[in-house]
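Examining the three-dimensional arrangement
Single-letter residue listing:
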Amino acid sequence: MRKLTYVIACSIDGFIGGPDGDASFMYPYVVGEYAEYLRTEHPDINPTHVRRLIGTDDVPNRAYDTIVQGRRSYDEALKEGITSPFAHLREYVVSRTLAESPHPNVEIISSDPVARVRELKAEDGPLGIYLCGGSVVAGELLDEIDELIIKTYPIVLGTGMPMFGSGFDVTEFTLGEVRAFDNGAVVRTYTRKR
Ligand SMILES: NC(=O)c1ccc[n+]([C@@H]2O[C@H](COP(=O)([O-])OP(=O)(O)OC[C@H]3O[C@@H](n4cnc5c(N)ncnc54)[C@H](OP(=O)(O)O)[C@@H]3O)[C@@H](O)[C@H]2O)c1
């Protein structure tokens, strides 16, 4: 079984963006040794235009060969005119409203994302599936998530978009690697208890 990994940036109080999802105030933390860590140890999670900027566009995929994101997250790229934001991965966008894909590398999942993700997880292959968010799609796919990589920045928001747009339930994870950086960013990896 291939793993589904939710890789997400958040505030100390667990919000992935402001109430409307905007997370641009987190970008200034991606500098220095932390940016270098992301560049070298998580090259697959950067969008294509960022990979080009930081010179990793030719780096072979290391952890993932597939990405799943919700339509509202994909919109962040579309509004910049980018139709295939993760061209180094097979891209899946969950949407009921996108009638057809804006790019040949992007497949639309128009219903039952859980069933489609189960099919993707059942494929053979050494690399996993990167769940990019956002909140709604992560909430729907919570039961399928095998691993969390939580990038926490040293800010408190008070309110905002939750990491999971799902109802109350207790789901247990085991803490793995923890990395702390000089700018206050902390990256924690958790594996789901099954
Ligand atoms: N901090 C971070 O690292 C991070 C990472 C990713 C995203 N974000 C932020 O998250 C925000 C977006 O999150 P979000 O929770 O609002 O939206 P989202 O999860 O990205 O996308 C929600 C959309 O997915 C589609 N969808 C959901 N369930 C579906 C189903 N069962 N069948 C078919 N389609 C389904 C719908 O699209 P349609 O409306 O087209 O039907 C829905 O509007 C963005 O503002 C982004 O900046 C932050």
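Residues numbered from 1 in each chain as written. Predicted model: local features only at pLDDT ≥ 70, side-chain atom pairs only at ≥ 80, totals over all residues.

Taking an unreviewed UniProt entry as the reference, the protein is identified by name as Dihydrofolate reductase family protein belonging to Streptomyces neyagawaensis.

Here we take up the site of the ligand. Taken together, the neighbourhood of the ligand is formed by 30 residues, with Gly 21, Gly 70, Arg 72, Gly 133 and Gly 134 sitting nearest. In the shell around the ligand, the residues fall into eleven nonpolar, 13 polar and six charged. (Near = placed C-beta within 6 Å. Nonpolar A, V, L, I, M, F, W, Y, C, P; charged D, E, K, R; others polar.)

Another aspect to go through is the nonpolar core. The tendency in soluble globular proteins is for nonpolar side chains to be buried as a group. Of all hydrophobic cores here, the largest spans 41 residues; its most connected members are Ile 16, Ile 67, Val 68, Tyr 130 and Leu 131. Here this core gets six residues from one element, more than from any other, and that element is strand E1 (residues 4-10). With sequence-adjacent residues up to four places away left out, Ile 16 is seen in contact with Ile 8, Ala 9, Cys 10, Ala 23, Gly 133, Gly 134, Ser 135, Met 161 and Met 163. (Core = buried A, V, L, I, M, F, W, Y, C linked by C-beta atoms within 7 Å. Buried ≥ 20, exposed ≤ 12 C-beta atoms within 10 Å, placed from the backbone. Helix = DSSP H or I, 4+ residues; strand = E, 2+ residues; numbered from the N terminus. Contact = placed C-beta atoms within 7 Å.)

Pairing analysis gives six bridges linking strand E7 (residues 147-152) to strand E10 (residues 186-192), with the strands arranged antiparallel. Bridge assignment links Ile 149 to a residue of E10, and that residue is Thr 189. With six bridges joining them, strand E9 (residues 173-180) and E10 adopt antiparallel strand pairing. Note on E10: the bridge partner recorded for Arg 179 is Val 187. In textbook terms, the turn of a hairpin is the stretch between consecutive antiparallel strands, and for E9 and E10 this stretch comprises five residues, one of which, Gly 184, has a positive phi near 90°. (Pairing = 2+ DSSP bridges.)

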